Amino acid sequence: QGSLMLMVQIFPYGENRKLLLSQDITILKKNESMRQDFVANVSHELRTPLTVVSGFLETLRDLKISKVDQSRYVDLMYAQTSRMMTLVEELLILTRLDSSPLTSKTTKVIVEDLFDKLLVDAKSLSQGKHLIEANCSLKMAILGSDSELLSAFGNLIVNAIRYTPEGGKIIFEWKSDQDGGGVFFVKDSGIGIASEHIPRITERFYRVDRSRSRDTGGTGLGLAIVKHVASRHNAVLKIESELAVGSDFSIHFPKDRLVELN
Ligand code: ADP
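Residues numbered from 1 in each chain as written. Predicted model: local features only at pLDDT ≥ 70, side-chain atom pairs only at ≥ 80, totals over all residues. Heavy atoms only, no water.

*Asks:* What is the right way to read the UniProt feature "domain: Histidine kinase" (unreviewed entry) in the protein from this model?
*Replies:* Under the UniProt annotation, "domain: Histidine kinase" (unreviewed entry) lies at residues 41-257. Structurally, residues 41-257 comprises 47% helix and 20% strand, and the distance from its first C-alpha atom to its last is 35 Å. (UniProt positions renumbered as here; feature names shortened; annotations may be inferred. Helix = DSSP H or I, 4+ residues; strand = E, 2+ residues; numbered from the N terminus.)

*Asks:* Can you walk me through the pattern of salt bridges in this structure?
*Replies:* When their charged atoms lie close together, side chains carrying opposite charge are able to pair. The tally for this structure, following the rule as stated, stands at 14 salt bridges. The salt bridge partner of Lys117 is Asp121, with a shortest N-O separation of 2.8 Å. Placement of both Lys117 and Asp121 in helix H3 (residues 111-126) is noted, with a separation of four residues, approximately one turn of the helix. Residue Lys117 is classed as partly exposed on the basis of its relative accessible area, which comes to 42%. (Salt bridge = Lys/Arg side-chain N within 4 Å of Asp/Glu carboxyl O. Buried < 20%, exposed > 50% of the residue type's maximum accessible area, 1.4 Å probe, protein only.)

*Asks:* Would you take a moment to explain the site of the ligand for this structure?
*Replies:* Lining the immediate surroundings of the ligand are 21 residues, of which Asn159, Tyr163, Ser213, Thr219 and Leu223 lie closest. Between the ligand and Asn159, the relevant distance is 2.8 Å, taken from an oxygen atom to a side-chain nitrogen or oxygen of the residue. Between the ligand and Thr219, the relevant distance is 2.8 Å, taken from an oxygen atom to a main-chain nitrogen or oxygen of the residue. Surface burial for the ligand is 98%, taken as the share of its 530 Å² of free accessible area covered by protein chains. Looking at the shell around the ligand, the elements that each hand over two or more residues are helix H4 (146-162), helix H6 (222-232) and strand S9 (246-253). Sorting elements by how many residues they give to the shell around the ligand places H4 first, with three residues. (Near = heavy atom within 4 Å. Polar contact = N/O pair within 3.5 Å; in protein donor to acceptor, adjacent residues only side chain to side chain. Areas by Shrake-Rupley, 256 points an atom, 1.4 Å probe, with all protein chains shown as cover.)

*Asks:* I tried to follow the packing of aromatic side chains on my own but got confused; where do I start?
*Replies:* Any aromatic ring pair is given by two values, namely how distant the centres are and how the planes are angled relative to each other. Here the structure, examined in full by the defined rule, presents eight aromatic pairs. Each ring, one from Phe115 and one from Phe184, has its centre 6.0 Å from the other, and the planes form 85°; the classification is edge-to-face. In this pair, Phe115 sits in helix H3 while Phe184 sits in strand S7 (residues 182-188), placing the two residues 69 residues apart along the sequence. As far as burial versus exposure is concerned, Phe115 and Phe184 are alike and both buried. On the basis of an interplanar angle of 45° and a centroid distance of 6.5 Å, the ring pair of Phe172 and Phe184 is categorised as tilted. Linking Phe172 in strand S6 (residues 169-176) with Phe184 in strand S7, this pair joins segments that are 12 residues apart in sequence. Residue Phe184 is classed as buried on the basis of its relative accessible area, which comes to 0%. The rings of Phe115, Phe153, Phe172, Trp174, Phe184 and Phe253 are connected pair by pair, giving a single aromatic cluster. Above the plane of the ring of Phe38 lies Arg204, whose end atom (NZ or CZ) is 5.4 Å from the centre. (Phe/Tyr/Trp six-rings, centres within 6.5 Å; stacked < 30°, edge-to-face > 60°. Lys NZ or Arg CZ within 6 Å of the ring centre and 35° of its normal.)

The structure is reproduced here in structure tokens:
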């Protein structure tokens, strides 16, 4: 970390002279190593459910297995397949975010309309186990992509529910920011995040507790998507959290991203 990597090439140059070319390849090397990590992570994430499915298929070959067990195995394989599908969907979203510019897809996004869908989805995920509140006090729309914003806001809400024990409270809001911009804010009263993890949780596949995330259907890609979408809208993702108290996630949109509703 902090060290410089140079590629040095020496060419003969005239009589008894040499030309020395040196190139800083620190970023190239870093990108290459990030790419390798990413491929290793994806392979690992897919291998685990595939191993489970292939194990059950092997067992199902045994014709003596009872009908009850058969259907239990099929359910378990279905769950693993859904996991893989979510992972692939999220990878495709990230790839699309990486490769296409936002400008071609910008429309006037009415946050109130997104809130209707977000609230229905949040309640269905929580299944009545949390108190969920939504406030849309800022009467301004966002210039951006509605599908991307829906996915970013949705990811923050899903996390709030996922990492908040039964009986906890989740609030999400669209309100004005101090500097005249707008902020999408999600607060939960959940397990919280220790301060040393906060700078890393937006990295792809970084999770504080891998098994907890897996058990609740997490892929470790949600916050990477949120951060990407925010930056494509010139917005900033902020995270504040306290262990066993809860977390605040907010996306701050600058004034020039907001437009009048009518
Ligand atoms: P995951 O699919 O694992 O939820 P994310 O990228 O959405 O992946 O989040 C990364 C990690 O950040 C999670 O695994 C979890 O450890 C932590 N995290 C995210 N949101 C919250 C939250 N609201 N409360 C506590 N921890 C959270």
